[in-house]
Amino acid sequence: MSPKASDAAVGPKVGETVERFELEKAWLVDPVSGREGPGEVVVIDGILESVVWLEGAEAAGITAEGVVVAPGFFDLHAHFREPGFEDAETVATGVAAAAHGGYTTVALMPNTSPALDEPGVLERIRSASRASGSPVEVLAFGAVSVGRAGEQLSAMGELADAGVIGYSDDGAPVRTPKLLRSALLYAGMLGLPVVEHAEDLELTANAEANEGYVASILGLQGWPTAAEVSAVSRDLAVLEDALRDEPRARLHLTHLSTAASLELVRRARAAGLPVTCDVTPHHLAFADEWIAGARRWSWEALAADGTSRDPWTDGALTAPPYNPALRVNPPLRTPADAAACLAALLDGTASAVVTDHAPHTVVDKEVEFGRASNGISGIETALGVVLALVDAGKLPLGRAIAALTTGPAGVVACWPTAAATPAARKRGLTEGEPADLVVFDRADRWQVTPESLRSKGKNSPLLGRELSGRVLITIAGGRLAYEDPQAGDDEP
Amino acid sequence: MSVATEADAAPVKGAAPNQDVVWHHRHLLDVDVVTWPEIDLIMRTTDEMKGILARPIRKVPALNGRRVTTLFYEASTRTRVSFETAARNLSADVVSVATATSSVTKGESLVDTVRTLEALGAEILVMRHSVSGAPYLAAEIFGGHVLNGGDGWHAHPTQALLDLYTMRQHLPGGDLRGRKVAIVGDILHSRVARSNIWSLTAAGADLWLCGPATLLRGMDRWATAWSGGAVPGHGRFHVTSDVEAALRDADVVMALRIQRERMQGGLLPSLREYAARFGLNAERVSLAKPEAIVMHPGPMNEGVEIAPDVAISGRAVITEQVANGVAVRMALLYLLAGAHETAHAGEAGR
């Protein structure tokens, strides 16, 4: 049941308009209408000409466990390293990796060199995107402060005019509450958010792994939960203050990782504060015990009473310890924290799953654990990790797709200026619009290897592992973004 | 780290195991994966090495022609000299790499350095590193044997084994079961404490870790997790800031070094205050059993974690620890080098 391009032998190349693509008998997921079920899609001249929902005999045998068609994914948080760190990733390799992961839109963080603190850097990224030939839409956040140094505001107005969708000093928090307050006010005036990496840098100086049982045994310096919780508390208090002067101030907290910080956001949202947040695949599915050598999913490490199972007790340590690919900021937390990330996604506290795709070179990553750069190359494995949650019955497929599509788009729609841009468009399977979709096969597993990853960053803790949901084709804005090299080969 | 091995069937903690256990570890990175029967084998092999050290000529040809390289990324005199003496006593060729004079100062990575040393013929790599887990990275790429000489806050297996050997020498029947061992000092930053947790809970000792709350951070969670005797082959242990409770009726008292950096880090008000509240002075040590021994892994800050009169008292076995260190390291080099040829089951990456 693989997708059938009408003329597979001379199909389009990446970047070319998809003249004709038909997929019969697949499982369609439309997070805008909330509908999913058996159906067919037809793309003609880049336009999603028809979406047919099948019923009765026609639908027989089509299940959600096979080929799935969903709107193209939107990653609200990725690092493509250009300009400045092109040996780790470029815009061209980044968009290729994104398309392989099913993404048709990515929002890049500004911690490049130079930082994206003025429009010239954005123009450079856009020109690299155009040169790549890929139709994957590249959006960007501008820096909050000049050089992300936490002292002066960046060229925020000029950046807004140039089209950034918000501001962040990601990689680090906005340094002081005073600057954060200014940034929320000024960005709010411009109709844009501050996206905050919530971390108390004093509490995390030299920290290596989540403070707790695993870090204690491994002799790794603890990264306390309080470092995130206190930063989120600060951010929420400053937001509340800023709103009195600028009702359009908006805060988005990215890659939250602890139960306690998510609970703070839950309460703030219930109280009506304009705050949103997201979680990552690795904080949902991995736990700190992976650093000791465990490789089971986080929910498999959770005991019935909500505490963590002990990997030293139950034989869960199957890989060598201290794999530097697992060094990430914020750090992998306990299985209970991972469960809290999932609960936040399910109850709407967290609106989106973002990859925090952070490619690194071998030189920066294949070193002693405590000296390795933080980050996981994850834009190509996000779907597979999220599908592991679906396979385990932890997350309905429709909710998983929503977290990758309408979820992030809905976050952008909360930001007055960005809401008016295509970034906030509804991500559904809508007839008559340029086709923007991904087709993947849940029954087709693929192995994560350095060769299978399009990203330059091979720093994935999933190397060697098989994931479900091989992406067969990604179409962005009516143009081909990715096609599985084997697609069509096994046609009879 | 603790991938199960076939020898995991240690029946009773600290019990005398059978004699036919064979050594099958390719590396010694920590004592966590070493089972009680294997520890007993190390102890018995150390006995033999002690016999060699008692001879007028302290040299045997056991490792004649084998190449031992010491790679120390962190300053250390006693551990490096102890390893090199041990290797020479076994007639091994010793190459000593001090990173201050090597390419490491030019920015060479650990991986490249290890590959280079292997190409230069290193067979057994003794490694000391300031980053926890670094020897695991070396073990993944090194074709020979890696012997951890201390990594970050994580592990110092040869120290734990020489400590255990020294305790057994002084306890009736060499049996630690039910014997109270109190380790007092900077537990948080101590690789000695962490390795001793594994070995002493395997030996069946009643282990107490004691220090100011700032230097115990996270350890209570470890102790709590093990409070049900959860990990096979290991007993529970105690973590406390109550130095009297830790020392009362102890059979073994061990002080750990307090470093000056802890004051700059805001973890301690002053060395004076530490000495007053936690330092092992004669009065505190008198809380322990009359026959209790006093240990210190060195180097000592006399007057801080241990009073000078305690350090030189008849109870102190600190110089014995140093002497036993050579014998334990000879035993480990001998076992790792595969002197028991048939023993190698080959455990990749361990």
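Reading the values: the criteria
- Residues numbered from 1 in each chain as written.
- Chains lettered and ligands numbered in written order.
- Predicted model: local features only at pLDDT ≥ 70, side-chain atom pairs only at ≥ 80, totals over all residues.
- Domains from an automatic or database assignment.
- Contact = placed C-beta atoms within 7 Å.
- Helix = DSSP H or I, 4+ residues; strand = E, 2+ residues; numbered from the N terminus.
- Nonpolar A, V, L, I, M, F, W, Y, C, P; charged D, E, K, R; others polar.
- Pairing = 2+ DSSP bridges.
- Core = buried A, V, L, I, M, F, W, Y, C linked by C-beta atoms within 7 Å.
- Buried ≥ 20, exposed ≤ 12 C-beta atoms within 10 Å, placed from the backbone.
- pLDDT = per-residue confidence, 0-100.

**Student:** Explanation requested: the domain arrangement of chain B in the structure shown.
**Tutor:** In many analyses, interface size is given as the accessible surface area lost on bringing the parts together. Residue and element names in this part refer to chain B. Along its sequence, chain B is organised into domain 1 (20–156 + 324–343) and domain 2 (157–321). Each side of the interface is counted separately: domain 1 has 25 residues, and domain 2 has 22 residues. Breaking the side of domain 1 that touches domain 2 down by element, the ones donating at least two residues are helix 1 (36–53), strand 4 (145–151) and helix 13 (318–336). When the residues that make up the side of domain 1 that touches domain 2 are grouped by side-chain class, the tally is 10 nonpolar, 10 polar and 5 charged.

**Student:** When you look at the sheet that holds strand 13 (residues 275–279) of chain A in this model, what are you seeing that I'm missing?
**Tutor:** Hydrogen bonds between backbone atoms are what pair the strands of a sheet, whose relative direction is either parallel or antiparallel. All names here are of chain A. Pairing in this open sheet of 4 strands is parallel, and the strands run 9-12-13-14 from one edge to the other. Looking along the sheet, the strands with just one partner apiece sit at the ends: strand 9 (194–197) and strand 14 (352–353). Bridging between strand 12 (residues 251–254) and strand 13 involves 3 bridges; their strand directions are parallel. Bridge pairing in strand 13 links Leu 253 to Cys 277.

**Student:** Help me understand the nonpolar core, please; the structure alone is not making it clear to me.
**Tutor:** Soluble globular proteins: nonpolar side chains tend toward being buried together. Of all hydrophobic cores here, the largest spans 275 residues; its most connected members are A:Val69, B:Leu125, B:Val253 and B:Leu333. No other element matches the 11 residues that helix 13 of chain B contributes to this core. What B:Leu333 contacts, discounting residues up to four positions off in sequence, is B:Leu63, B:Val68, B:Ala86, B:Ala87, B:Leu90, B:Ala92 and B:Ile124.

**Student:** What's the story with the interface of chain B and chain A in this structure? I'm lost.
**Tutor:** Between chain B and chain A, the contact holds 30 residues from the first and 27 residues from the second. Looking at the side of chain B that touches chain A, its residues break down into 16 nonpolar, 9 polar and 5 charged.

**Student:** What's the story with the confidence of the model for chain B in this structure? I'm lost.
**Tutor:** Close inspection of predicted coordinates is inappropriate in any region flagged by low pLDDT. Residue and element names in this part refer to chain B. Confidence in the prediction for chain B averages 90 pLDDT; 91% of positions are at 70 or higher. Every residue in residues 1–11 is under pLDDT 50, and counting partners more than four places away or in other chains gives 28 contacts. Low pLDDT, under 50, characterises residues 339–350; the stretch is placed with 24 contacts to residues that sit more than four places away or in other chains.

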